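What follows is the residue order along each chain.
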Amino acid sequence: MAEANYNPYENAQKQFDDIAESLNLDAGMREFLRQPMMELHFTIPVKMDDGTTKTFNAFRMKHNTARGPAKGGIRFHPHETADTVRALATWMTWKCATVDIPLGGGKGGIICDPPSLSQNELERLCRGYVRKIWTQIGHEMDIPAPDVGSNAQCMLWMMDEYETITAGHYPGVITGKPVGMGGSLGRKEATGYGCIYVLKDLLRVINCPIGSTTASIQGFGNVAEHAAHMYTNLGGKVIAVSCWNQADSKAYTFKKADGCDISELTEIKDQYGSIDKDKAIALGYEMLPGDAWISQDVDILIPCALENQITPSVFPSISKQVKIILEGANGPTTPDCDPLIKDRGIILLPDFLANAGGVTCSYFEQVQNNMNYYWGKDEVLEKLEYAMVKAFRAVYDVAQEKNVYMRDAAYIIAINRVADAVKLRGWL
Ligand code: NAD
């Protein structure tokens, strides 16, 4: 479980401060880059199916737009906070800069519990969100996308509301739309596949055949499922998968020592990424506590659920066999755990490099929307792999040259790019 005493925004600021210090960034630039440029906090009244009205609290934030319009998902979660949105918006700035796409960092959130809402209530909530922020979004200003708890249908309702208000066709206002309605082929796979493109290149560089590796994964939602599919298709073996169970309000780890069948698990999961425990047991999976994924004897840990999962208190339970941590989720490792990971010699592929496939494909979606011409899936995935491998190699080279941890190398590249853009624009 996430440890409640970690604040993701403080984590994001600490990571930034450490690198800003090593880069000798001046005080004015540090003050500017360590917080969002704009924050919207608002309420959305929604008529519920039973005739009552419920008011939802929501956010949209732009961390930095020096390199292009803000870009970032909208998270629908009961524990969403302003600080989580601030952190995620900050990480989006660094992510877009690391993969070198012409976008800045943004993020949104709605404090809500999607499984408890009917489809009609969810639609009214999505449309209400857009009615509050439509003057602040657009392909030239800020482009939302899905995140935890929201999906392609939510994005389409949001796009439709925007187009209804503005009386035009602006599919590039939002990404992660359904294919055929302005969405890009490959978008749903992009984040998970992107993680594995980066992992594959790292394994090539360190001369380790992917077919000889094993992994344990936290989460079985959009990112984890596609990462697991590509990883196993390339010959890797997933030993354990942990996910949340709505009915029991707790997480479980499903394990098969000789390797999980990812297609089989996909068939028995619901739309929120929860694996049906009875069906899993019937298929021969061992069911362990939710946090057991982290203590498995595997080569690679792939956290793909939430932030603050790898902390100093759980670190000792990580097997000595683990050589790589591939961060599919945003902020799964707390800053005070980074030195422990570094000391043990575990290679960490940092979140804003590893999971940048989603935003890269969202950028491709927007490019296709603006051209009104759509690429085939192979073309999208080929462009995605090229972008991810290029970004990985740049980060890896800086890590080697400067003898720094891979997260620090990615920060050095991203912060320098954003600070240069701020300076070139004459903002500071
Ligand atoms: P999702 O909602 O599709 O899936 C989340 C998964 O995490 C589900 O399987 C859920 O059961 C599991 N989970 C939740 N709490 C858990 C717990 N305590 N223990 C174990 N499992 C738990 O979300 P997603 O889109 O796959 O996103 C996952 C992470 O990746 C988030 O941090 C998100 O910000 C990040 N991310 C997503 C994308 C994207 O394109 N979807 C892009 C970049 C980063």
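Residues numbered from 1 in each chain as written. Predicted model: local features only at pLDDT ≥ 70, side-chain atom pairs only at ≥ 80, totals over all residues. Heavy atoms only, no water.

## Examining the domain arrangement of the protein chain
Thinking step 1. Segmentation of the protein chain into domains returns domain 1 (39-183) and domain 2 (188-354).
Thinking step 2. Taken together, the contact between domain 1 and domain 2 spans 12 residues of the former and 8 residues of the latter.
Thinking step 3. The contact between domain 1 and domain 2 buries some 1,000 Å² in all, and 59% of this surface belongs to carbon and sulfur atoms.
Thinking step 4. In terms of surface lost to domain 2, no three residues of domain 1 exceed W91, K95 and P115, which account for 41% of the buried area on that side.
Thinking step 5. Across the pair R75 and E307 runs a salt bridge whose closest N-O atoms are separated by 3.1 Å.
Thinking step 6. For the interface between domain 1 and domain 2, the tally reads 2 residue pairs in polar contact (both at pLDDT 80 or more).
Thinking step 7. The dominant element in the side of domain 1 that touches domain 2, judged by the number of residues it contributes, is helix 3 (residues 82-98), at 6 residues.
Thinking step 8. Partitioning the side of domain 1 that touches domain 2 into residue classes produces 5 nonpolar, 3 polar and 4 charged. (Domains from an automatic or database assignment. Contact = heavy atoms within 4.5 Å. Buried area = accessible area lost by both parts, 1.4 Å probe. Salt bridge = Lys/Arg side-chain N within 4 Å of Asp/Glu carboxyl O. Polar contact = N/O pair within 3.5 Å; in protein donor to acceptor, adjacent residues only side chain to side chain. Helix = DSSP H or I, 4+ residues; strand = E, 2+ residues; numbered from the N terminus. Nonpolar A, V, L, I, M, F, W, Y, C, P; charged D, E, K, R; others polar.)

## What about the pairing of strand 7 (residues 237-245)?
Thinking step 1. When you tally the buried positions in strand 7, you get 7 out of 9 residues, the bulk of the element.
Thinking step 2. Relative to strand 7, strand 6 (residues 214-218) runs parallel, the two being bridged by 5 bridges. In the sheet register, A215 faces strand 7, and the bridge partner there is V238.
Thinking step 3. In this structure, strand 7 lies alongside strand 8 (residues 250-255), joined through 6 bridges in antiparallel fashion. Directly across from A240, in strand 8, lies its bridge partner K255.
Thinking step 4. In textbook terms, the turn of a hairpin is the stretch between consecutive antiparallel strands, and for strand 7 and strand 8 this stretch comprises 4 residues, one of which, S249, has a positive phi near 50 degrees. (Buried < 20%, exposed > 50% of the residue type's maximum accessible area, 1.4 Å probe, protein only. Pairing = 2+ DSSP bridges.)

## Some points on the packing of aromatic side chains
Thinking step 1. Under the criterion given, the structure shown has 10 aromatic pairs.
Thinking step 2. Aromatic side chains F352 and Y411 sit 4.7 Å apart centroid to centroid with 65 degrees between the ring planes, which places their arrangement in the edge-to-face category. Separated by 59 residues along the polypeptide, F352 in helix 11 (residues 351-354) and Y411 in helix 14 (residues 406-425) bring together distant segments of the chain. Judged on exposure class, the residue F352 and its partner Y411 are both buried. (Phe/Tyr/Trp six-rings, centres within 6.5 Å; stacked < 30°, edge-to-face > 60°.)

## Section: the site of the ligand
Thinking step 1. Taken together, the neighbourhood of the ligand is formed by 27 residues, with T191, F220, W244, G273 and N330 sitting nearest.
Thinking step 2. Note that a nitrogen atom of the ligand is positioned 3.4 Å from one of the side-chain N or O atoms of Q218.
Thinking step 3. In this structure, N330 approaches the ligand through a side-chain N or O atom, which is 2.8 Å from an oxygen atom.
Thinking step 4. Taking 820 Å² as the accessible area of the ligand by itself, protein coverage stands at 89%.
Thinking step 5. Looking at the shell around the ligand, the elements that each hand over two or more residues are helix 6 (187-205), helix 7 (222-233) and strand 7.
Thinking step 6. Top contributing element to the shell around the ligand by residue count: strand 7, with 3 residues.
Thinking step 7. Taken together, the residues of the shell around the ligand sort by class into 12 nonpolar, 11 polar and 4 charged.
Thinking step 8. Two domains share the shell around the ligand, each providing at least three of its residues, namely domain 1 (39-183) and domain 2 (188-354). (Near = heavy atom within 4 Å. Areas by Shrake-Rupley, 256 points an atom, 1.4 Å probe, with all protein chains shown as cover.)

## Some points on helix 4 (residues 119-133)
Thinking step 1. Between its terminal C-alpha atoms helix 4 stretches 22 Å, which fits the 21 Å expected from 15 residues at 1.5 Å a residue.
Thinking step 2. Within the sequence span of helix 4, burial applies to E121, L122, L125, C126, R127, G128, Y129, V130 and I133.
Thinking step 3. Each element contacted by the buried residues of helix 4 is listed here: strand 1 (38-47), strand 2 (53-64), strand 3 (70-77), strand 4 (104-111) and helix 5 (152-166). (Expected span 1.5 Å × (residues − 1).)

## Topic: the nonpolar core
Thinking step 1. Ranked by size, the top nonpolar core spans 87 residues in total, and within it L33, W94, L199, I275, L326 and L349 carry the most contacts.
Thinking step 2. Sort the elements by how many residues they give to this core and helix 14 lands first, with 12 residues.
Thinking step 3. Looking at this core, you find at least three residues from each of domain 1 (39-183) and domain 2 (188-354).
Thinking step 4. When neighbours within four sequence positions are excluded, I275 is seen to be in contact with F220, V241, C243, N245, F254, L265, I268, K269 and A280.
Thinking step 5. Core analysis: the second largest hydrophobic core is formed by 27 residues, F56, Y129, M155 and L156 among them. (Core = buried A, V, L, I, M, F, W, Y, C linked by side-chain atoms within 4.5 Å.)

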